[in-house]
Structure formats: C-alpha cells, structure tokens
Number of protein chains: 2
Amino acid sequence: MTAGGADSTYAGVEIVTIGNELLRGDTIDGNAAWLGRRLAAAGIRVVRRATVGDDVPDIQRAVAEALNRTGAVLCTGGLGPTSDDLTRPAIAALFGRTSHVDDAVLAAIEARFTARGIAMPPSNRSQAEVPDGARVFPNPAGTAPGLALEDDRGIAILLPGVPSELHALIDGGVLHHLRARWPSLRPVSGALLRTTGISESALYDVVRDLVPAVAPIDVAFLPGFHGVDVRLTAFGGGGDMLGAAAARFEERLGRWTFTREQADLAEVVGEALRERGMHVALAESCTGGLVARRLTDVPGASAWLHAGFVAYHNDAKQSLLGVPAGTLERHGAVSEETVRAMLEGAMRAVSAPAGIAITGVAGPGGGTESRPVGTVWIAAAAAGRTEAKLFRFVGTRTAIREFAGQAALRMLHLLLLGMGAARGRDADPAEAGR
Amino acid sequence: MTAGGADSTYAGVEIVTIGNELLRGDTIDGNAAWLGRRLAAAGIRVVRRATVGDDVPDIQRAVAEALNRTGAVLCTGGLGPTSDDLTRPAIAALFGRTSHVDDAVLAAIEARFTARGIAMPPSNRSQAEVPDGARVFPNPAGTAPGLALEDDRGIAILLPGVPSELHALIDGGVLHHLRARWPSLRPVSGALLRTTGISESALYDVVRDLVPAVAPIDVAFLPGFHGVDVRLTAFGGGGDMLGAAAARFEERLGRWTFTREQADLAEVVGEALRERGMHVALAESCTGGLVARRLTDVPGASAWLHAGFVAYHNDAKQSLLGVPAGTLERHGAVSEETVRAMLEGAMRAVSAPAGIAITGVAGPGGGTESRPVGTVWIAAAAAGRTEAKLFRFVGTRTAIREFAGQAALRMLHLLLLGMGAARGRDADPAEAGR
C-alpha cells in the first residue's frame, strides 16, 4: 500500500533479469526488489523490468529495447561458468564487440580457488572473458566480475545473479559509476519507522490523517512477518520537511516503533542488553531455536548471549530446565506455570539476569479445543521484572513460529526499556495476532 | 544456469505484473514465480515477464507488446478499489471497449461485506466495472474478479495481485480456460535431484557430458545456499525417457544427492531418524540455534529431536556440555577436541544415540591467522560411529553459518545411511566450501 505524491523528474534505469529458472518459477527474483530499493535510495527510479530466459535473441531483444527506451539497463544472471550462461556473449554481440581473456580477472578467479586449497575447474575460465572496451568491476564475493558496455544508445551493466555477489558489486562501485551519469542527481532522502505488535490496518487507522498532511512526502506501509515498516520518502522535494514528518508519525506510533534504523529487532534487543551489561538466557520449545538463531545472527552476540536451551520434548523441559513433573502434569506444557518454570530454569542454569521462554502449539498437528494451534505462552524477564503472556497466533506453522519469536523479543525489549506491557491476555487488542 | 535442448512447440504466455511497489522493491514479486511453476506444470511456458508501474501508457505498451509477440498475456495487480488501480481501464482502452457495471459482480462484492456485517465502501463499486465483451471469472477469495479480453491479437487475462486471490482464480477456472487454447497440450513432466556438498562448477564437470546426451530433456542447475538442485524437465517431448535420464544423473551424483523430492535436508534427516527410532542431540556454538531451528521447522520433530543446546559462550560449553576447562585452554574453542567434547556432552545430557556439534568462527570478527573467519569444526554421531571434520567456509557471516549447518546435517545423514565420509580434512576437494 502506497500513498502520497512522488516527483517524476529523477534518473531512470531498466532491469533485465535473465534465467529460465526465473520464468519457470524455480527461483523467486529477489534481486529485482533489492535493486529497486537500492537504486531508489540513490535517486534512480526503476522504470521497467523484464525477465527473459537463457536465450541469446531474447536477451538481446530485451536489452536493446531497454537501451532504446531508457538508455541505461542493469542485467542480472547468466554469468555463470557453464556453456548455457549466455549473457556475456549475447551482450558483447549486441554491442558488436569481440572478447578476450582478461589476465587480471583470470588471476582473481584462480586466487579464489587457491585460497580454498583446490584447483580452478576448467569451466570457470570462461568467466575471465571480457568484451573489448568493457569496464570491469572486480567481484569480491565470487568469480564473475561485473561488466559495463556503452555506446551511443546508452549503458548496459552485466551483474551476476547470486545475491551476495550482486550486492557486493553494486555497493562496491557499480552504483557509484551509474550515478555519475546524472551529475545533478540528488539522493532521495527517506525515513524509516520499524513497528511490531500492530497490524497494518490498525496502524493505518492510527496515522490515516497524517498521510495527506505530510505531502509531498510519500508514505508507504510495508507489512512483513515481523511487523509493519512505515517508510517516508522525499523523492523530488520535501526533504527538508522529512524530519518533522517522521517525528509526527513516531509520536503516534512510539509504542510500536522499535527502531528508526534498518535493523532487526534482534539487533535492537542485543544493543539494549549490551548497554546494560546484561546477558540473556533462552528456553525455547515451539520456536525450536528460532530466537537463538536470530540473536546470534548479530555479530558480537557472545557478549550478551551465553546460552540457549531448545527444550522441544517434555523430558527436556524437566531434565534441562527443571520444570517440575507435577507442573507439566497439572497445567500442561503450554501453560503460564510451565513457561514461568522454563524461564526460571534457563536463567538459573547460566546465572542470567534476563531471559525469554516460549512454549506453544505451532501446528499443524497437536491442537486441542482449549489449546488450538497458534496458542503460545511467552515469558520474559529483565531488570528484576518478569512477565508472562498468552498469545493466539493465526497462520501456518512457519508464521506462528515467527510471530512467537518476534513477540518474545518485543516483550524483552519493552522490559529492558522499563515499558513492560500490562500483564495478562489481550491487554491491547491491536497487538493480537501480530 | 540451464542447459540442453528445449522444445519450442508448446504453449507460451507472457506475464505483466503491475505496481509501483514492485519497481521500487517494496514488494518482492512472488506471484510471477508462482505463476511460472503453475503454468509449467500445466505445459505452458512463460516466455517473458515484464513489470511496469501504475501508469496507463506503460501498462498498455507492455501488454500490447506481449500480445504482438506471444498472443497470450496474464496481468497481475492494479485491480484494487482505489484511484491508483489502473489496469482495468488501461486494458479496456487497449481493446477499444467501454465498461459497464456488472450486476452479478456487484452483488458478489456486496455479499462479501454483508457477511462481515459491514456496508460496502463506495470505492469498491469500481471493481464491478466490466469491459464490454469480457469474460468474468468470479473471485472466491476477494472482491476483484478476473477478466479476460480477446481480439485478433490474442487474449489478455487480468488478475488481482493479492496472492490468495490470484491462486483461487487460477485454480478455479483461469488455467482451465487458458489451456483450452492449445487442445493438444500435454502436461510437463519433470524430475529433481537435490544435491549438497559439491559446488555448481564441480558438479557440472561431473555431469557435463550427460546434458546433451539426454536431450530433448532440459537440464537446469539451480545453486542455492544449501547446495545445487538439478532439475530435468520434459517440456514438449521426452517424458517417457525422463526416468532413465534422472537415473543417469543420480548414478553420477549419488554421493551428493540427498533427495529426489522437493524436501529440505532437515526433513530428510528427520525422516531417517524417525525410521531408525533415534533422537538427536544438538550442541551449537557458531550456528547459534540454526540447526535446531531448521530441524524443528519439520512438523512432528519432537519424535526425533528432544533437546538442543546453544553453547555460545565458553562458560556455557563448560557448564552445560561439560567440556573440560583444560580442553578449551589447551586446544581452543574451535578445535577437534572441543567439538568432540561438545558432542559427547549433549548426547549424554539427553541420552541421545545421535548428535551434532558445531564450533567455529562465523565472523566478521574473531578470526586469527591460524583460525581465520570461516574455520568450523563439526562432529556428528549416529549408529555407534562418530566423525569430526574441519571446514574452511568462505563468505559472509550468514553464509558461513548456513554452510556449517548444512554440512553438519549432511555428515549426520551420511552416518545414518552408513556412508560416513572419510575422516579428516579435505577428504574430498569438491566438498570444500559447499
């Protein structure tokens, strides 16, 4: 959902993504979305995208059309080491260029294999072929370099389809090179509020009147598994009003906003623990390591995460976390009593001043009338305070696990901020579900 | 990467997806991939995709080009109730049609709101506007019906961008209607080999000669974080030879192939444990719960996964897993001695006959000259046998963690199959990295 006015005066490119696997749907084209965001942030608008298969005439037609329409095209994919990676020869022919083996590129490819203690497979040699006159962008993350070809029609830049390599090339020089084509390009300025614990429609009702009030700033609501991002963008104008506009949204949404940065809630929680010199203990049942994995995605997590328990089976809840057998028998594995005992057991085992415990029914099986699939008890503790809360999430097994992990991190975060939510079930209807 | 000869005699369509949010990258276009898979399975090839913004001339140009090239186009998006949803009027004008309010469509939309106890907002009335002569496909999952317009150039079918509505319409009649255009259409048959532990280029060198040998069967190599999928597809012909072709690939790649189904290695390992009545204990350091999370993504995992330990800090390796302080001091946390002690400790704690332990340097910090970032020791045990192996992965923190988790699952899987790899480092150069 997007609202507000955008200015159409800035630079444009087209994207052509190449690969039979994209057309056949074996691969979802996440590169195109990533490029769209990266380019938009730099002030460059993607005006059109095309996807074609591994076929020389199809690749040439799509790129020629994009050059004639827009004069600048980014191609991704088809730069691999096999005989059916056709992008490089197709575009070399489109520009009327022959190719040569580039010694520096070949040496870089060989060095990657040498570092791993193995010889370069013969098929990788083709990746060192460079069309005459092409600009080479070294690839720090893989074997295929980026290549830029240019003539009267404009510029075509060839990039690998492997996301980590594409990202390294764009950020390592390609974006800078592209921006230089539009000397007066103003970077697009934007502000982000990442929210969690409120649905998109409930959030929209809270800020609905602000959307027209901040024009020409563009307001986008981007729902995801972990919450709704609110993105304010000043495309052509309004950059000077952006700070004030973001402040108006944050005033309304402060309760749900956990960061203004492009950061995961796990990073924000980790930073809050680090600042307080605390470490956190984890006791996960239905999320099965999901929270541990998210927290340890953050570099340096060992400063504030010493240990986590995945107590997936009731035996493990007893033997590892010391949940009394009687508690499990009387109240069941998905209960306030059990989740509190899990939390205490985990914190005690590693002498942690903070903790998270999660137990629930992620489905698809295991639900009962009184505890349907999606029933999850979560407990959190920090700064001497403990809370337990019942959630009823709706969705697939994957979604329920993600919602539970996010809700647990949110509970811990609010406790660390001294903003623990009211105790008990359904304290805030807007928070039900996610 | 795709190789082999495909038959060009079968049915083809183009897809045009519409929305500024797609170009800007705020939304990943999962619909295009879903449509590609659904159509391929029905024998219809997507020959090209385009994405354009919410702009009438852009929509019209893209659809007209697709009609002229291919004669059949599916459009998704831009059928919502707001003034930014322009697909319906744009395509009506392209076909020279005026529109009328369709009483049956209007009644269906009103009924959806009535069922929720609310009045239809006035803006939804626009969704009942139908171009004259268009075929209407009722939408069981939302308010915007599907619409098909046809003339000498071919057929354009307009579908909503909401995935659940798109799926309901395609499966509820649109696909049937489309297939009827090609009376001799045969469904596509395919086979999949999922491999792990071998790089794309090394794998290609192993089977290079088979690719032309199995024509007209199409062979695609699809690399991902967890390995390379080899997909064989018989588009127009060769379906009867598919089984034999897949067997030839599997004979070469058997050592690396872990399934012929669309299943994750975690599911395959879980099934192997279940068959053997074993449960597995986990001791994760640098992967921090990643393996636990993958295994518990599988429904019913509690039958073969009782508990896992995330021993992220050295203190936890001692206190939870009983790794002797002397072992950590003498050999370090990333060593064969430590990983074996972690494995034993985890298996002992929950009386498990199988186990995985992982300790390494995921980076970006923490590397040393002798143990650079990417150094990971993995141990696995099953069926009375224990193995420990040193890996040196190359990539980002995320990639190193994913590679390590996958390598650990592979080690356990091979042990469960009685196919444990040779012990020690670099037993198989092709397995280095991933």
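Residues numbered from 1 in each chain as written. Chains lettered and ligands numbered in written order. Predicted model: local features only at pLDDT ≥ 70, side-chain atom pairs only at ≥ 80, totals over all residues. Heavy atoms only, no water.

### Focus on the overall build of chain A
Helix and strand counts for chain A stand at 15 helices and 18 strands. Taking the principal axes of its C-alpha atoms as reference, chain A extends roughly 80 × 60 × 40 Å. Among the 434 residues that make up chain A, the fraction classed as buried is 58%. Partitioning the intrachain contacts of chain A with sequence separation of at least 6 by distance along the chain shows that 69% fall at a separation of at least 24. Split by element, the accessible area of chain A, about 16,400 Å² in all, is 51% carbon and sulfur. Side-chain charges in chain A split into 43 positive and 47 negative, and the spacing between the mean points of these groups amounts to 5 Å. (Helix = DSSP H or I, 4+ residues; strand = E, 2+ residues; numbered from the N terminus. Buried < 20%, exposed > 50% of the residue type's maximum accessible area, 1.4 Å probe, protein only. Contact = heavy atoms within 4.5 Å. Areas by Shrake-Rupley, 256 points an atom, 1.4 Å probe, with all protein chains shown as cover. Lys, Arg positive; Asp, Glu negative; His and termini not counted. Charge placed at Lys NZ, Arg CZ, Asp CG, Glu CD.)

### Here's the deal with the pattern of salt bridges
For the coordinates displayed, the defined rule picks out 42 salt bridges over all chains. When the shortest N-O distance is used, the salt bridge between A:R69 and A:E14 registers 2.8 Å. Within this pair, whereas A:R69 is found in helix α3 (residues 56-70), its partner A:E14 is found in strand β2 (residues 11-18), the two being separated by 55 residues in sequence. Three or more residues are tied together by salt bridges with common partners; here these are A:E14, A:R48, A:R69 and B:E65. (Salt bridge = Lys/Arg side-chain N within 4 Å of Asp/Glu carboxyl O.)

### Considering the pairing of strand β17 (residues 375-382) of chain A
Residue and element names in this part refer to chain A. The buried fraction of β17 is high, at eight of eight residues. Where burial is concerned, the two faces of β17 agree: the one with T375, W377, A379 and A381 and the one with V376, I378, A380 and A382 are both buried. Sheet analysis places strand β16 (residues 354-360) next to β17, joined by six bridges and oriented antiparallel. Of the residues in β17, the one forming a bridge with G355 is A381. (Pairing = 2+ DSSP bridges.)

### Points about the sheet that holds strand β3 (residues 44-52) of chain B
Pairing is mixed across the open sheet formed by twelve strands, whose spatial order is β7(A)-β8(A)-β9(A)-β4(A)-β2(A)-β3(A)-β3(B)-β2(B)-β4(B)-β9(B)-β8(B)-β7(B). Looking along the sheet, the strands with just one partner apiece sit at the ends: β7 (135-137) of chain A together with β7 (135-137) of chain B. Between one strand and the next, the sheet's axes are offset by a mean angle of 20°, whatever the strand orientation. Strand direction decides the pairing type here: β2(A) and strand β3 (residues 44-52) of chain A, joined by eight bridges, are parallel. Bridging from a neighbouring strand, A:E14 pairs with A:R48 of β3(A). Strands in contact with helix α6 (residues 163-179) of chain A are β2, β3, β4 (72-76), β7, β8 (146-151) and β9 (154-159) of chain A; relative to β9(A), the strand with the most contacts, it is inclined by about 170°. Sheet contacts for helix α2 (residues 30-41) of chain B: β2 (11-18), β3 and β4 (72-76) of chain B; angle to β3(B), the most-contacted strand, approximately 165°. (Axes fitted to C-alpha atoms, helices over the stretch in contact; angles between N-to-C directions.)

### Some remarks on the side chain of A:T76
All names here are of chain A. Counting through the fold element by element, T76 comes out in strand β4. The exposure class of T76 is buried, given its relative accessible area of 3%. Non-local contacts of T76, meaning those with residues more than four positions away in its chain, are made with V16, T17, I18, N31, L35, L159, P160 and L166.

### Quick look at the interface of chain B and chain A
Contact residues are listed per partner, giving 73 residues for chain B and 75 residues for chain A. Both sides of the chain B and chain A interface together cover about 6,100 Å² of buried area, and 52% of this is carbon and sulfur. If you sort the residues of chain B by the area they bury against chain A, B:R24, B:R49 and B:R293 come out on top, with a joint share of 12%. Our count for the contact surface shared by chain B and chain A stands at eleven salt bridges. (Buried area = accessible area lost by both parts, 1.4 Å probe.)

### Here's the deal with the pairing of strand β9 (residues 154-159) of chain B
Residue and element names in this part refer to chain B. Among the six residues in β9, six count as buried, and that is most of the element. Bridge count for β4 against β9 is five bridges, and the pairing is parallel. When the sheet's bridge partners are listed, T76 is paired in β9 with L159. The pairing of strand β8 (residues 146-151) with β9 spans five bridges and is classified as antiparallel. From the neighbouring strand, D151 faces β9, where its bridge partner is G154.

### With respect to the sheet that holds β16(A)
Judged by pairing direction, the sheet is mixed, and its ten strands sit side by side in the order β18(A)-β17(A)-β16(A)-β14(A)-β15(A)-β15(B)-β14(B)-β16(B)-β17(B)-β18(B) without closing on themselves. Taken across any chain shown, the strands that pair with only one partner, and hence form the sheet edges, are β18 (385-392) of chain A together with β18 (385-392) of chain B. Strand-to-strand, the axes of this sheet are offset by a mean angle of 10°, without reference to chain direction. Bridging between strand β14 (residues 280-284) of chain B and strand β16 (residues 354-360) of chain B involves five bridges; their strand directions are parallel.

### Remarks on the packing of aromatic side chains
Considering all chains together, one arrives at six aromatic pairs over all chains under this definition. Relative to B:F393, the ring of B:F391 lies with its centre 5.2 Å away and its plane at 10°, an arrangement referred to as stacked. Overall, the relative accessible area of 3% leaves B:F393 in the buried class. Three or more aromatic residues joined by ring pairs form one cluster here, namely A:F391, A:F393 and A:F403. A:R153 extends its terminal NZ or CZ atom over the ring of A:F95, reaching a point 5.1 Å from the ring centre. (Phe/Tyr/Trp six-rings, centres within 6.5 Å; stacked < 30°, edge-to-face > 60°. Lys NZ or Arg CZ within 6 Å of the ring centre and 35° of its normal.)

### Some points on the nonpolar core
By size, the foremost hydrophobic cluster in this structure holds 54 residues, and its most contacted members are A:F309, A:L320, A:L321, B:F309, B:L320 and B:L321. Residues in contact with B:L320, not counting those within four places in the same chain, are A:A307, A:F309, A:A349, A:V350 and B:F309. (Core = buried A, V, L, I, M, F, W, Y, C linked by side-chain atoms within 4.5 Å.)

### A short note on α2(B)
Compared with an ideal rise of 1.5 Å per residue, which puts twelve residues at 16 Å, α2(B) spans 17 Å between its outermost C-alpha atoms and is within 8% of the ideal. Inspection of α2(B) places B:N31, B:A32, B:A33, B:W34, B:L35, B:G36, B:L39 and B:A40 among the buried residues, and these make up the whole buried set. Looking at the packing, one finds that the buried side of α2(B) touches α1 (20-23) of chain A together with β2, β3, β4 and α6 (163-179) of chain B. For α2(B), the N-terminal cap is B:D29; the gap from its side-chain oxygen to the backbone nitrogen of B:N31 is 3.4 Å. Positive phi appears at B:G43, one or two residues downstream of α2(B), with a value of about 90°. (Expected span 1.5 Å × (residues − 1). Polar contact = N/O pair within 3.5 Å; in protein donor to acceptor, adjacent residues only side chain to side chain.)

Without other data, these values stay purely geometric and don't point to any function.
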